[in-house]
Structures are given as structure tokens and as C-alpha cells.
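Understanding the architecture of this molecule
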Amino acid sequence: VNGKRLSRDVCGQGDIKARLIYNFYGAPALELKDFVRQKKDVVVGASLQVGAPTGLYDMNRLLNIGANRWFIEPEIGASFPWGNFSVEMAAGVNIFTDNDAYFGGVTLKQDPLYNLQAHFNYDFSPRQWVSFSGNYYFGGSTYQNGVPSPDRQTNSRVGIQYSIALDRQNILKLSVSKGVITRIGNDSNNLGIAWFHRW
């Protein structure tokens, strides 16, 4: 910013996100006992994700965990299985509301941010799999009090994720990702762990 590099150590809650998913083709709704025996087939579906401005945010800081704005992300995708392998592809767009308490006391507007992604998966067993992934984001130019910024994004990341079903209700996921193209935005290496529980 103005020729200076900024950094901030911060810990806190991020923005809450919720996602609704609907399959148009394949992957019928099944009882758990039938799901285990279901043969893999082509799946085509869509999702709608909504993000709420619930994360830690300080308008006097440029770097924040929360974004202080809503977003919606419609996405469409498909999965194509082949033995223990499968390929998944998806395309989506992030649409943002304005942040009227942005750093410096300005209103931040942002154009839609488009994304493409692909995942190459391999199943070691029905309970254990690995995924190699890549994505590409473009668009998302911003405006501060109506003045355009030269920050149109053309960014890409690659990563690997390992997942294991601990039992019928719990899945543990470990992931590593790295930025490979970063014109504007977050150029970072990430290590993640996630636990999914099904009620």
C-alpha cells in the first residue's frame, strides 16, 4: 500500500457461509445402506452459497478476517467417474454487496469474480481418497467511492487434499494449497484440517 508492505497477526471468527446443493442428474437420494452399494456414475448439479458479514472486522485495519459484506455464489459442476479415478469440473461466480465501512472511510464496490476449477480424484478405498485440484479466478475489479482501482484478478491455485471416513458419521480432511499465479489478491500457501460430522 503506497509502496509499503503490510502485515497483521490476528485470530478470530471468519464470515459464516451456508450452501444449498441440488443434483440435476445422477446421485439419487438413497438410504445409507443403499448408498454404499450404489455404482458411481456421471453427476451434474448446482449450488448456491451465501456468505454473511459475521467475521472479525475493523474498519481502521486494511487486513481483516471478515469482509463486512454479503456475497452469493451460484455454481454449476459435473463429475465423471472412471474406475477408482474421477474428474470433477465446476464454474461459478461471486457476487458481492458493498462494504460501506472500508479502510479509509470509503465505500468499496466489487465487480463479479468468476471462477473455474477442476479436481482429479483417486479412491484408495470407499473410506479413503485423495484429490489433486486447480482453479482459476478472473474479474473482481473494485471501486472505492466510485473510483476504479487497477486490481482486476487473474489468479490460480493448485492443491492436494486427503480425506478419510473415520466412521459412518465423521470425515477428516487434510489439505495443502499453493498460489501459482497471483496478479492481484492473496498469494499464500495454506495448510488446512477439517472435520465433517453427519447427523
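First, a word on scope: everything that follows refers to the structure included in this document. (Residues numbered from 1 in each chain as written. Predicted model: local features only at pLDDT ≥ 70, side-chain atom pairs only at ≥ 80, totals over all residues. Heavy atoms only, no water.)

1. A short note on a nonpolar patch on the surface
On the surface, F120, F132, I160, V176 and L191 cluster together into a nonpolar patch covering about 520 Å² of accessible area. When its relative accessible area of 43% is taken as the criterion, V176 is described as partly exposed. (Patch = residues over 30% accessible without salt bridge, like charges linked within 9 Å, V, L, I, M, F, W, Y side chains within 5 Å. Areas by Shrake-Rupley, 256 points an atom, 1.4 Å probe, with all protein chains shown as cover. Salt bridge = Lys/Arg side-chain N within 4 Å of Asp/Glu carboxyl O. Buried < 20%, exposed > 50% of the residue type's maximum accessible area, 1.4 Å probe, protein only.)

2. Examining the pairing of strand β11 (residues 153-165)
As paired strands, strand β8 (residues 128-139) and β11 are joined by 12 bridges and run antiparallel to one another. Looking across to β11, one finds that S131 is bridged to Q161. Between β11 and strand β12 (residues 170-181), which pair antiparallel and follow one another directly, the connecting turn spans 4 residues. (Pairing = 2+ DSSP bridges. Helix = DSSP H or I, 4+ residues; strand = E, 2+ residues; numbered from the N terminus.)

3. Digging into the packing of aromatic side chains
Per the counting criterion, the structure on display carries 6 aromatic pairs. Plain terms: the ring middles of Y22 and F24 are 5.4 Å apart, the flat faces sit at 75° to each other, and that makes the pair edge-to-face. The two residues Y22 and F24 agree in class, both being exposed. An aromatic cluster is defined as three or more aromatic residues linked by ring pairs; in this entry it consists of W82, F85, Y122 and F124. The aromatic ring of F196 is capped on one face by K173, whose charged end is 4.8 Å from the ring centroid. (Phe/Tyr/Trp six-rings, centres within 6.5 Å; stacked < 30°, edge-to-face > 60°. Lys NZ or Arg CZ within 6 Å of the ring centre and 35° of its normal.)

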